[in-house]
Amino acid sequence: MTAEMTVGRDMAEFIPQKEIVYNGLLPYSDRLDREATELLAEIKANLCRAVLLRELWPGVAFWSRKLFSFLKLYGRRFSKDDHILFIKLLYELVTLPNLEPHMMQSYARLLIQLLKKKELLSRDDLQLPWRPLYDLYERVFYSKTEHLGLIWFPNSVDHILKALIKSCRLYFPASSTKEMLDEWRPLLCVFDVVMQKAISNMELFLPTIMPLEEHSQGFQLWFDELMNLWMSLQNQPSWEGHLVNLFARLANDNIGYVDWTPYIPTIFTRILRSLNLPVGVSQMVSPRYLTNSYDIGYIVLWVTALLGGPGNPAQKELTCLFNSIASFYHPSNHGRWQSRLMRLLQRLPASVVRRVHRERHASPCWITLVPEHQQLTDADLQEFTRSLTGASLLAMFSKTDSTDAAYALQNLALLTPELVIPPVLEKTYAAMETLTEPHTLTATLSCMIGMARSLVSPNNHYPEGRVHVLPLLMGSLPGVDPNDFSKCMITFQFITTFTTLVPLVDCSSAPSQRNDLTEIEKDLCFASAEFEDFVLQFLDRCFALIDSSTLEQTRDEMETDTQTHLESLVELGLSSTVSTILTQCSLEIYKVALQKVFNFATSNIFETCVSGRMVADMCRAAAKCHPSESLRLFVPHCCSIISHITDNEELQSEDELDKELLWNLQLLSEVTRVDGKQMLKYQGDLERILRVCVRLRCKRAYTLACSLLEHTLRSFSLIYPTEYRSTSGSFDTDLPIWDWGRPGDVAALGVCWHVPGPEEESFVFHLLSHLLHPELQRIKGHVSGEQPMSREELLQSLAIVQHCLLGAGNLLPPLDGPHASDLVSSMVNLGEVKLYIGVDYDASRENYRESICQTMRLLLHHILEHSEDDTKSLFVIIKIISDLMFFRGTQKKEFDSRWKSFTLVKKSMENRLLGKKQHIRALLIDRILLQHEMRKMVVEGSEYKVVHQDLLCDLLLLSTSTYSQVRSRAQNVLMAALGTYSFSYRDLIPRILQLLSPQHTGVTQQQFKGALYCLLGMYSGIPMASARDWEWVGQVWPALVRCGLSPTMSLEKPSIGRLLDDITDRILRQHDTIGINFTVSEGCVEVAIEIAQSKNPTPCLEAPSKEEIKEGLQRQRIRNVVAARPWKFEHMATDWLSLLLREDHPLPPDAVLYFTQSLVHDSISIRKVAISAMAGILKQLKRLSKKVAVKPSDISGIEETDGLCVGDREGNRWLQYDSNNLPLTQEKWDSQCFVEKTHWGYYSWPREMMIYASSEKPKDDLPYEEMSEGEKIIFEYFSDPEFIDQLIDFLSLEDRKGKDSFNPRRFLLFKGLFRNYGDAFLPLLRPHLEQLASDPHESSQRCVCEITAGLIRGSKHWSFGKVEKLWQLLCPLIKTALTNITVETYTDWGTCIATACEGREPRKLHWLFELLMESPLSGEGSSFRDASLLYVLQGGLAQQQWRVSELLHRLLAYLEPKLTQVYKNVRERIGSVLTYIFMIDVALPHTRPTTSPHVAEFITRVLERLKPLTAEPEIHNHVHEENTQETDERTQAVKLLKTVLKWLMTSAGRTFTTPVQQQLQLLPLLFKIAPVEIDESYDEMKQDARTCLSLMSQGLLYPEHIPLVLAALEEMAGSRSWHARFSVLTYLQIMVFYNLFTLLSVPAEVLRIRKLVMQLLLDEQLEVRDMACTTLSGLLQCQFFPLDSSLQTQLQTLSQTSLPKARGELASTDLVRRHAGVLGLSACILSSPYDVPDWMPQILMDLSSHLNDPQPIEMTVKKTLSEFRRTHHDNWQEHRQCFTDDQLLVLTDLLVSPCYYA
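Residues numbered from 1 in each chain as written. Predicted model: local features only at pLDDT ≥ 70, side-chain atom pairs only at ≥ 80, totals over all residues. Heavy atoms only, no water.

Novice: Can you explain the overall build of the protein chain? Please cite residues and give values.
Specialist: A count of helices and strands for the protein chain gives 80 helices and 6 strands. Taken over 1798 residues, the protein chain has a buried fraction of 59%. Long-range pairs, those at least 24 residues apart, make up 81% of the contacts in the protein chain with a sequence separation of at least 6. Carbon and sulfur atoms form 53% of the exposed surface of the protein chain, whose accessible area is close to 73700 Å². (Helix = DSSP H or I, 4+ residues; strand = E, 2+ residues; numbered from the N terminus. Buried < 20%, exposed > 50% of the residue type's maximum accessible area, 1.4 Å probe, protein only. Contact = heavy atoms within 4.5 Å. Areas by Shrake-Rupley, 256 points an atom, 1.4 Å probe, with all protein chains shown as cover.)

Structure, rendered in structure tokens:
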């Protein structure tokens, strides 16, 4: 009794964090509190015990999984203190340094669950240090050893870790921001790959939710710095997206505390650019824009957070953004940008709803609120809805993504129903009337479904919405159409949705009886009289649908008589709709409807496959609502017919029976699926019929009878709710129209449960004893041979057994018995948890589950011995075994699909604005039932008992039997069982392996295959947490290797070979490192002790005693020692051996020997594995170099101030390469500080800078005596000339011709060798290297590359003398190789040099750089050699970035005179090299002018040399006239220009900031060259100029650049060449679109652009005028400047310029002016392609008066009118409302008149 008392006392002061509310509504909820408390006490006790005993596996792993189940079953039903302790314990566990990846993942998942509800714990309750988590992240993401195969991570680990960091960063202490910045600031070097790491770390870790007073320690430390960096970036580098995500998160978490106003234009400009929309005619997109565009989810978050506040500036930009992209949403447009646009539209309203919920409805918690002045007002929301409605209404009809638009409209309707619902209603009514466009109907209906709740619910914004319910329901009835499947389904969904929300009750009498109703309510009451009509009409439609889908009509004679997939969907839709409608009816309407259904079902006889199933389903749906009414009609009717027919004795043995009997059986079996209490009065009839029908001989008949049996038993024995109405109680209490759209109230749901009572229970067992018992006896008789049965009879018996089990499974207690013997040794209790599921098992009754189990095992062995080919019976037996183990009333599959459909319905009907579980009552009841069923499904971690052992051995027999179908079904059940019963796999694996062992001779091939499949299934199916122990690996892997010797193993059977490949592949993919080191940290132990002392509930065991703890520590030590020797076997498959390399344990010498020998194995695949493995082994054997801390200021002699100062400055001058101060002698080499990391010192210095100590002499060679065993083996082999010869021969073989490239694995092998052994092996390798270098073959050159790169990187810590000797050997070698360079090998050499220079100090490699710099463009040899040498040099310099400015200057000086190259390939390469030379010249915030070359000076020098060209009006490539002096200068200039163009093209996508001023000086030249038309035949120079213009026009502009660009464009617009004037317009279009918001923020410049376009509209050249018209309409469409009256008047005046009468001499200027006016008006019309603004009709009239003007005017007018007709044709019905009758007459006349066809 004491335990009970303490539990009671404990729980008195217990306040749970957050429970699952649905538990309290279960019929047995009073038992749950006790159950939860006891379970929690057990979990706490065992968890802390396992930690104190240091038993991570299986103890901690097992109980943490139990904690996970606890969360699923009871939510966070523990006190705040416990919550915090659990989190702390798991945080300690996750961050244990040597935890195996898989365990770490499962702890991380649990921790994420615990941290999920952030409102439960404030930052005062919980603080988590950020360092341990960051170290973990660093170990996994930037693992130094994963690529060497020393540790393997599972694939999902990235995503889980990131989620974990997101959950934890809320609780990082206030000081953490500063610590993080100190850690990552030094990495911010834009040219280096670490930039990506630094920024993505900041995005992940920096905390942004904090109380007001901590802001100065939080984001204010980094905001300005990062924001300025982002503002000055121009060509989206890959890490820019991470910055955007960080800003979006900051904005969303601190609405109202960060001032974004100055940045808004830039933010929107960049969002628009990031959508990658096509603009202009022939636009080139730089590929980097496509790959690095921003994440839509974060854009949406940012925009949402910017809205609101005084003046609401962001909304203006948002409206403009959607106006300028609206036309892309039209269904006729699509491209690869479409999915991004749709996602934007879909998520934005949802995000705003979330924000409004947070501001107005969320329950207050510790997170800072949005300040008053920043909250969204109703006016803001209306403004927001208006800006999106246009796009959503267009997107609604999109062919592919109409669901996105429906979701957007659903959320907009929550915000402002009065604005969104009317236009959609209008479209819906229109769609219901047309028959020709089914797509519009499905689209509008799916939008209406989403809006249903906003339409029906009685909110104050849009009361008149409810009037539309009846017209909509009536209008949708024709959609129930047998000929159009998708229309039918959406109509069902539509009707279901609306009737769920509205009680179908006739209350037309109410207005005469009450006087408190509003006008609208009175109208509703009167309208509700039509409900009865609606229900009856709907049923008529359904009957018609059923009649047209009978079997005879839909099948030929030959086909099968099962249902097709579509039919089953229709059946589902039909029955659920009928069920909903009849549930929601008042009793009067229900009775009428029921009678109608009954008459239909009983007056016809249906075939039982298709239409019969539909009708029976419909009857079931009807019967469920009021079982007492319906059973009274159906049961007596069916029973009398059935008993009447079966009274005839002869019938019972016939094979085919009367249709009438079958139909009535089917009907009865469905109608009985209702509330069991109501069925008790018919128990006699039912029993009588069952006893006759299950023994009928006809298969169809006894199958139907069996399902009747199952349904009857289920109705009596299960627990389920009996009604799902939308309001509790019946509908006749209050005025029903007040209940429209009312959400269910969790506190007062009033669920009516069916719980089986004693009467029902005894009837169930009565049936079982009369039906099940005799069958079991019969089967026993068959097995013993007393009364054998035929196969058909056996199947019939099995069917009865199976259906009895399925029907009564809920009342039969689970299998029980003694445990299977010790499978795993543990000091912690690993018992199972028993959950109460509402049934008290009665021990006095016979346990049928046991008896079925015994009988089935007898039968199974009998069949396998005597008639193994009776597969049908075997299938049933397998199904029965699975049900015996798992089935307690619910099937897993069924449960999963119900859970899925529940979430779908919830999503389409929920109200995100109010939140707080405001769901519809039916949905809530469904959720409670699911909670009940989930309790039945929780079985994992069950104890493994002897019964189970027997069944699993039987399944293993079946899994290895003769027939493949039997095998595969049995294997599925086996896998499920292995995942359910703890540690059962340890029992089965030895049994499986026995079948594979070579000693076991009598194995058939099928057994062999079956056994392999079982192993394969384990690798994929078992929760791997259970399958990770060394003993397991130690048994399985060697067995698989040995099974090759087994006599059965014939590789002739390809299926077996494939299977082995699969297993190997699965192991390779699934294998992640298994822990050897199971050590528990002190932090964990402290938390565990706290848990052991906690209250509420007190842990149920005593804390472990001192002795136990000692034993635990002892075991931990033993475990770590034993696990370190998993090598009991000589030979394992090489692959798997290489999987077992680890970072924390060196490999035993025999394995090292094996791999070293495998390097020269004959098989190429083994050699490949050996090469990777050797790299790993050498990494294990690496000796650590000593590091010392230095202070940068001591070396440079300059103290750096606190302010940010980035880039080349005095303080980091000493890192630069300086040819006057190179380490050429021993003492210089020793005295200089070498920093290998390229990014250090560029942005800021690390807090403490560790560099390799140069002062202490490195030990030159490892003496042989000091080497470990493994090192000696490697040393001996590599000192053996024969071995080296073989190795080099193999390495210089071709693998795949033409496909080979530099192989990093081989490079790592050599790097390791030279790093670990110094230059010991050089003498042997030298002759090989020299011979290979002079051999021009691709494979030899590649081999030299790999070894050279390995040598240079491996010599990092060699002494000066050795390095000098090395370079004396390498320099001539590289020179020789580079003279032999070929097309195949130049990339390999580039990779080689780049790899060699990566992350190395340039001063230590000065030999290499000087060698490469000697004379790249010697001109000896071919142009190809020059280009290749430049490529190789570029590879080296690019890796060094900013630290070799002197070399860059030298290279530029060397290249400048040579820019006039003739060869195209050399020009392209020079262009690329120039990009890298000027890469360092960036204009970023706080950055000092660089000491590397500057673009500005270079361009000035180039322009000087291009002078001869600037004077000419158009530039052509005339290089052929070679007579005079001046052309020579000109020819040189043209050649130079070609190279400069190449440079402009490559740098457009690569640099970080664009030097706009300098580019502008080149613009005039480009405009002169670029052609207008696209023509492939143009020469290279014109193509390039065109590309450059396109790329430049997309560049990002800053306000200060705009005047300069416009000045250049205005100058060009006055050019003599019309090509140049034409190009100005194309340039302008793209430039404006890509910088829209930036331009709009400077109104003066907008006027300049308008003036420029108007000027070009009056151009004398026709093509230019046309282009100006297109540009103008584009600008108007983006609303770049308004179409105001002044513009209209100006255009109209122009268009009315009178032409002189005389036809002969048309004054051309007048014609041009008149044409310009007409073009302008035409631009206005084209600027709004999908709607009719109020100015449009008048302008169309004006245009039409010009139809008879001279050409080119007439042409323009015709084109405009036909375009208008094309774009407005779709919605002409709406658009015609905007014109007056006279205008319509003129228009119709124009659009169809003969002149239109002329």
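Novice: Give a detailed account of unusual backbone geometry, specifying residues and quantitative values.
Specialist: Residue P1752 is bonded to the preceding Q1751 through a cis peptide linkage, with omega at 0°. Relative to the assigned elements, P1752 resides in the loop between α76 (1736-1744) and α77 (1753-1768). For N312, which is not glycine, the phi torsion reads 45° and is therefore positive. Looking at the element boundaries, N312 is found in the loop between α14 (296-306) and α15 (313-325). Here the phi dihedral of Q1679 falls at roughly 55°; this positive angle occurs in a residue that is not glycine. For Q1679, a relative accessible area of 45% translates into the label partly exposed.

Novice: Let's hear about the pattern of salt bridges: which residues, and what values?
Specialist: One pass over the structure, following the stated rule, counts 65 salt bridges. Notably, a salt bridge pairs E138 with K197, separated by 3.0 Å at the nearest N-O pair. A residue pair is termed long-range when its members are at least 10 positions apart, and E138 in helix α6 (residues 131-141) and K197 in helix α9 (residues 194-205) qualify at 59 residues. Using a relative accessible area of 24% as the deciding quantity, one classes E138 as partly exposed. Residue K197 is classed as buried on the basis of its relative accessible area of 17%. A salt bridge links D1749 to R1714; its shortest N-O distance comes to 2.7 Å. (Salt bridge = Lys/Arg side-chain N within 4 Å of Asp/Glu carboxyl O.)

Novice: I'd like a description of a positive patch on the surface, backed by residues and values.
Specialist: Taken together, the side chains of K18, K116, K117 and K917 present a region of like positive charge at the surface. Counting through the fold element by element, K917 comes out in the loop between α39 (892-909) and α40 (921-937). By relative accessible area, K917 is classed as partly exposed at 35%. (Patch = residues over 30% accessible without salt bridge, like charges linked within 9 Å, V, L, I, M, F, W, Y side chains within 5 Å. Lys, Arg positive; Asp, Glu negative; His and termini not counted. Charge placed at Lys NZ, Arg CZ, Asp CG, Glu CD.)

Novice: Break down the environment of Y329 for me, citing the residues and quoting the values.
Specialist: In this fold, Y329 is placed in the loop between α15 and α16 (338-361). Along the primary structure Y329 and L345 are separated by 16 residues, whereas in three dimensions their C-alpha atoms are 9.5 Å apart. Among residues more than four places away in sequence, those in contact with Y329 are F322, L341, M342, L344, L345, A391, L394 and A395.

Novice: Residues and numbers for the packing of aromatic side chains, please.
Specialist: This structure, assessed with the given rule, holds 64 aromatic pairs. A ring pair is formed by F70 and Y74, whose centres lie 5.0 Å apart and whose planes are at 45°; its orientation type is tilted. Of this pair, F70 and Y74 both sit in helix α3 (residues 56-74), 4 residues apart, roughly one helical turn. Relative to W899, the ring of F895 lies with its centre 5.9 Å away and its plane at 40°, an arrangement referred to as tilted. On the criterion of helical spacing, the pair formed by F895 and W899 is a turn pair, its members being 4 residues apart in helix α39. Residue class for F895 comes out buried when judged on its relative accessible area of 8%. Here the guanidinium or amino end of R31 rests over the ring plane of Y836, the centre of that ring lying 3.6 Å away. Positioned over the ring face of W230 is R270, at 4.6 Å from the centre of the ring. (Phe/Tyr/Trp six-rings, centres within 6.5 Å; stacked < 30°, edge-to-face > 60°. Lys NZ or Arg CZ within 6 Å of the ring centre and 35° of its normal.)

Novice: Describe helix α67 (residues 1556-1569), listing the residues and the values that go with them.
Specialist: In this model α67 runs 20 Å from its N-terminal to its C-terminal C-alpha over 14 residues, within 8% of the 20 Å that 1.5 Å per residue would give. Counting buried residues along α67, 11 of its 14 residues qualify, which places the element largely inside the surrounding structure. (Expected span 1.5 Å × (residues − 1).)

Novice: Help me get a handle on the nonpolar core, residues and values and all.
Specialist: W260, W302 and Y329 are the most contacted members of the largest nonpolar core, which has 553 residues in total. Core analysis: the second largest hydrophobic core is formed by 15 residues, I719, V746, V751 and L924 among them. (Core = buried A, V, L, I, M, F, W, Y, C linked by side-chain atoms within 4.5 Å.)

Novice: Would you mind going over the state of the cysteines in detail, with residue names and values included?
Specialist: Applying the stated criterion to the full structure yields 0 disulfides. In this structure C488 is not part of a disulfide, and its nearest cysteine sulfur, from C542, lies 8.3 Å away. The closest cysteine sulfur to the non-disulfide-bonded C625 is located on C585, 7.9 Å from its own sulfur. (Disulfide = S-S within 2.5 Å.)

Novice: If you had to explain the packing of helix α25 (residues 531-547) against helix α28 (residues 587-603) to someone new, which residues and values would you point to?
Specialist: If you want to describe how two helices pack, look at the angle between their axes and the distance between the axes. Between α25 and α28, the shortest axis-to-axis distance is 10 Å and the interhelical angle comes to 15°. With respect to their mutual orientation, α25 and α28 come out roughly parallel. For the element pair α25 and α28, the recorded crossing hand is right-handed. Listed contacts from α28 to F531, E532, V535, L536, L539, D540, F543, I546 and D547 of α25 are I589, V592, A593, K596, V597 and F600. Of the residues assigned to the contact of α25 with α28, the class counts are 11 nonpolar, no polar and 4 charged. (Axes fitted to C-alpha atoms, helices over the stretch in contact; angles between N-to-C directions. Parallel < 35°, antiparallel > 145°, perpendicular 65-115°, else oblique. Left-handed = near helix turned anticlockwise from the far one by under 90°. Nonpolar A, V, L, I, M, F, W, Y, C, P; charged D, E, K, R; others polar.)

Novice: Tell me what's going on with the environment of L661, and back it up with residues and numbers.
Specialist: Assignment of secondary structure puts L661 in helix α31 (residues 659-671). Assessed through its relative accessible area of 2%, L661 is described here as buried. As for L661 and I642, which are separated by 19 residues in sequence, their C-alpha atoms are 5.9 Å apart. Residues within four places of L661 in sequence aside, it is in contact with I642, I645, T646 and L696.

Novice: Could you give an account of a negative patch on the surface, naming the residues involved and the relevant values?
Specialist: On the surface, D506, E530, E532, D533 and E588 cluster together into a negatively charged patch. Along the chain, E588 turns up in helix α28.

Novice: Explain the confidence of the model for the protein chain to me, using residue names and the numbers behind them.
Specialist: In the predicted model, the protein chain carries a mean pLDDT of 83, and 86% of its residues have values of at least 70. Averaged over each element, pLDDT in the protein chain is lowest for helix α80 (residues 1794-1797) (43) and highest for α14 (96). Within the model, pLDDT remains below 50 along residues 1119-1137, and this stretch shows 46 contacts once partners closer than five positions in the same chain are excluded. The model gives residues 1794-1798 a pLDDT under 50, and that stretch makes 9 contacts with residues more than four places away or in other chains. (pLDDT = per-residue confidence, 0-100.)

Novice: If you had to explain the side chain of T442 to someone new, which residues and values would you point to?
Specialist: Relative to the elements of secondary structure, T442 occurs in helix α20 (residues 438-456). Using a relative accessible area of 19% as the deciding quantity, one classes T442 as buried.

Novice: Which residues make up the packing of α67 against helix α68 (residues 1580-1593), and what are the values?
Specialist: Closest axis-to-axis distance for the α67/α68 pair is 9 Å, and the angle between their directions is 135°. Relative to α68, the element α67 lies oblique. As α67 runs across α68, the sense of the crossing is left-handed. Within the contact between the two elements, α67 uses Q1559, L1563, L1566, F1567 and I1569 and α68 uses M1581, K1582, A1585, C1588, L1589 and M1592. When grouped by side-chain class, the residues that make up the contact of α67 with α68 number 9 nonpolar, 1 polar and 1 charged.

Novice: Talk me through helix α11 (residues 240-253); I want residue IDs and the actual numbers.
Specialist: The end-to-end C-alpha distance of α11, which contains 14 residues, comes to 20 Å, matching closely the 20 Å that a straight helix rising 1.5 Å per residue would cover. Regarding α11, the residues found buried are E240, G241, L243, V244, N245, L246, F247, A248, R249, L250, A251 and N252. Those residues of α11 that are buried are in contact with α9, α10 (223-231), α12 (264-274), α14 and α16.

Novice: Outline the environment of S509, supporting the account with residue identities and numerical values.
Specialist: One can find S509 in the loop between α22 (485-501) and α23 (510-513). Counting along the chain gives 19 residues from S509 to S528, while the straight-line C-alpha distance between them is 9.9 Å.

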